[in-house]
Amino acid sequence: MGACVEYEEQASLHAAGALEDEEATRFRSHLESCAACQAEVASAQEVLGLVTLPPQTAIEARAQEGLGARTLAAWRREQTRRWMGRRALGSLAAVAAVVALMLGPSALERLKAPRTGTTVPMAGSGGGDMDAETMAAFEAWAGLEPLDADALASISDSDDDMMDWDDDFDDLGEAL
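Given the structure is predicted, the values throughout are model-derived calculations rather than measurements. Residue positions are given per chain, counting from 1 as you read along its sequence in written order. Selection of residues for local features in this predicted model requires a pLDDT of at least 70, selection of side-chain atom pairs for listing and counting requires 80 or more, and totals for whole chains, interfaces and linings are taken over all residues. As a convention, hydrogens and water are excluded, and side-chain values are obtained from all of the structure's heavy atoms.

**Student:** Just give me the short version of the overall build of the protein, but keep the residues and values in it.
**Tutor:** The helix and strand labels rest on DSSP assignments: H or I over at least four residues marks a helix, E over at least two residues marks a strand, and numbering proceeds from the N terminus. The secondary structure content of the protein amounts to 7 helices and 2 strands. Walking the protein from its N terminus toward its C terminus, one meets helices and strands in the order α-α-α-α-α-β-β-α-α. The buried label applies to any residue whose accessible area, calculated with a 1.4 Å probe on protein chains only, is under 20% of its type's maximum; exposed applies above 50%, and partly exposed to all values in between. Buried residues in the protein amount to 11% of all 176 residues. When checking whether two residues touch, look at their non-hydrogen atoms; a contact exists if any pair is within 4.5 Å. Here the analysis covers contacts within the protein between residues at least 6 apart in sequence; of these, 38% occur between residues at least 24 apart. Only the protein chains shown count as covering a residue, and every accessible area follows the Shrake-Rupley method with a 1.4 Å probe. When the accessible surface of the protein is summed, it comes to about 14,500 Å², and 60% of that surface belongs to carbon and sulfur atoms.

Here you go:
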């Protein structure tokens, strides 16, 4: 036999100690006169007694003591790490924008400017040409004196001598 239909839910809640004051008072007054509801509450208390947790051990109590503070500290560290990453990314984007603004106009002018100038044959390059401006920039970078026509002629003559030397070296390799 079960509890009264209108008190069935309240019997389980009363056994768990979850009834509000006014409801609990009303149910207790009914419980004094109803044997079926008393049996239902006793049965529910027995079942709830089986599923209760054992008392905490000392280790569990110590671990639970600082759990809130540790969780909050870990959350704050994660938020700070994310904020720093966003800040670094924003700084990098700002630096890239400044560099683009500084270099952008000069790069556009170089792209738009027509390529004019005399070409200087490269010695030993098999007929490739390089404009005089690029050659002057390379010489300045390398710390060289600008080449004149006589110097270029002497370079090409020495290249012919090198070709002869290469032939001699190939003959030596075949002899070995």
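**Student:** How would you explain the side chain of Q10 if you had to name every residue and give the values?
**Tutor:** With respect to the element layout, Q10 can be found in helix α1 (residues 8-16). With a relative accessible area of 15%, Q10 lands in the buried category. Of the polar contacts made by the side chain of Q10, one reaches the side chain of E23; its length is 3.4 Å. In this view, Q10 contacts L19, E23 and F27; residues no more than four positions away in its chain are not counted. Polar contacts, as used here, are pairs of N or O atoms within 3.5 Å; protein pairs need one atom able to donate a hydrogen and one able to accept it. Residues neighboring in sequence count only if both atoms are side-chain atoms.

**Student:** Account for the pattern of salt bridges, naming residues and giving values.
**Tutor:** Take a side-chain nitrogen of Lys or Arg and a carboxyl oxygen of Asp or Glu: if they are within 4 Å of each other, that pair is a salt bridge. Going through the model one piece at a time under the given rule, you end up with 3 salt bridges. A salt bridge links R26 to E22; its shortest N-O distance comes to 3.5 Å. Of this pair, R26 and E22 both sit in helix α2 (residues 21-33), separated by 4 residues, roughly a single helical turn. Relative accessible area serves as the criterion here: at 44%, R26 is assigned to the partly exposed category. Where R81 meets E78, a salt bridge forms, and the shortest distance between an N and an O atom there is 2.6 Å.

**Student:** Let's hear about α1: which residues, and what values?
**Tutor:** Along α1, the positions that sit buried rather than exposed are Q10, A11, H14 and A15. For α1, the angular spread of the buried residues around the axis is 135°, confining them to a single face. Every exposed residue of α1 that faces more than 90 degrees away from the buried side is listed here: E9 and A16. Those residues of α1 hidden inside the fold are in contact with α2 and α3 (35-50). Once α1 ends, the next one or two residues include G17, with phi positive near 75°. Note that the arc is computed from the directions linking the helix axis to the C-beta atoms.

**Student:** I'd like a description of α2, backed by residues and values.
**Tutor:** A helix is expected to span 1.5 Å multiplied by its residue count minus one. Compared with the 18 Å implied by 1.5 Å per residue over 13 residues, the 19 Å span of α2 between its first and last C-alpha is a close match. Of all the residues in α2, the buried ones are A24, F27, H30 and L31. Buried positions in α2, seen along its axis, are confined to an arc of 130° and lie on one side of it. Among the exposed residues of α2, those oriented more than 90 degrees off its buried face are D21, E22, E32 and S33. Lining the buried residues of α2 we find α1 and α3.

**Student:** Account for a negative patch on the surface, with residues named and values stated.
**Tutor:** Together, E8, E9, E20, D21 and E23 give the surface a local cluster of negative charge. Counting only elements with at least two residues in the negative patch, the list comes to α1 and α2. Tracing the chain through its elements places E8 in helix α1. Owing to a relative accessible area of 46%, E8 belongs among the partly exposed residues under this scheme. Like-charged residues are merged into a patch within 9 Å and nonpolar side chains (Val, Leu, Ile, Met, Phe, Trp, Tyr) within 5 Å, provided each residue has over 30% relative accessible area and no salt bridge. Positive charges come from Lys and Arg alone, negative charges from Asp and Glu alone, with His and the N- and C-terminal ends not counted. The atoms used to mark charge sites are NZ of Lys, CZ of Arg, CG of Asp and CD of Glu.

**Student:** Please give an account of the nonpolar core that cites residues and values.
**Tutor:** What is meant by a nonpolar core is a set of buried Ala, Val, Leu, Ile, Met, Phe, Trp, Tyr and Cys residues, joined one to another through side-chain atoms within 4.5 Å. Ranked by internal contacts, the top residues of the largest apolar core, which has 13 residues, are F27, L31, C37 and V41. Among the secondary structure elements, those contributing two or more residues to this core are α1, α2 and α3. When residues in this core are grouped by element, the largest group, 4 residues, is from α3. Once you skip the residues sitting within four places of it in the chain, L31 turns out to touch H14, C37, Q38 and V41.

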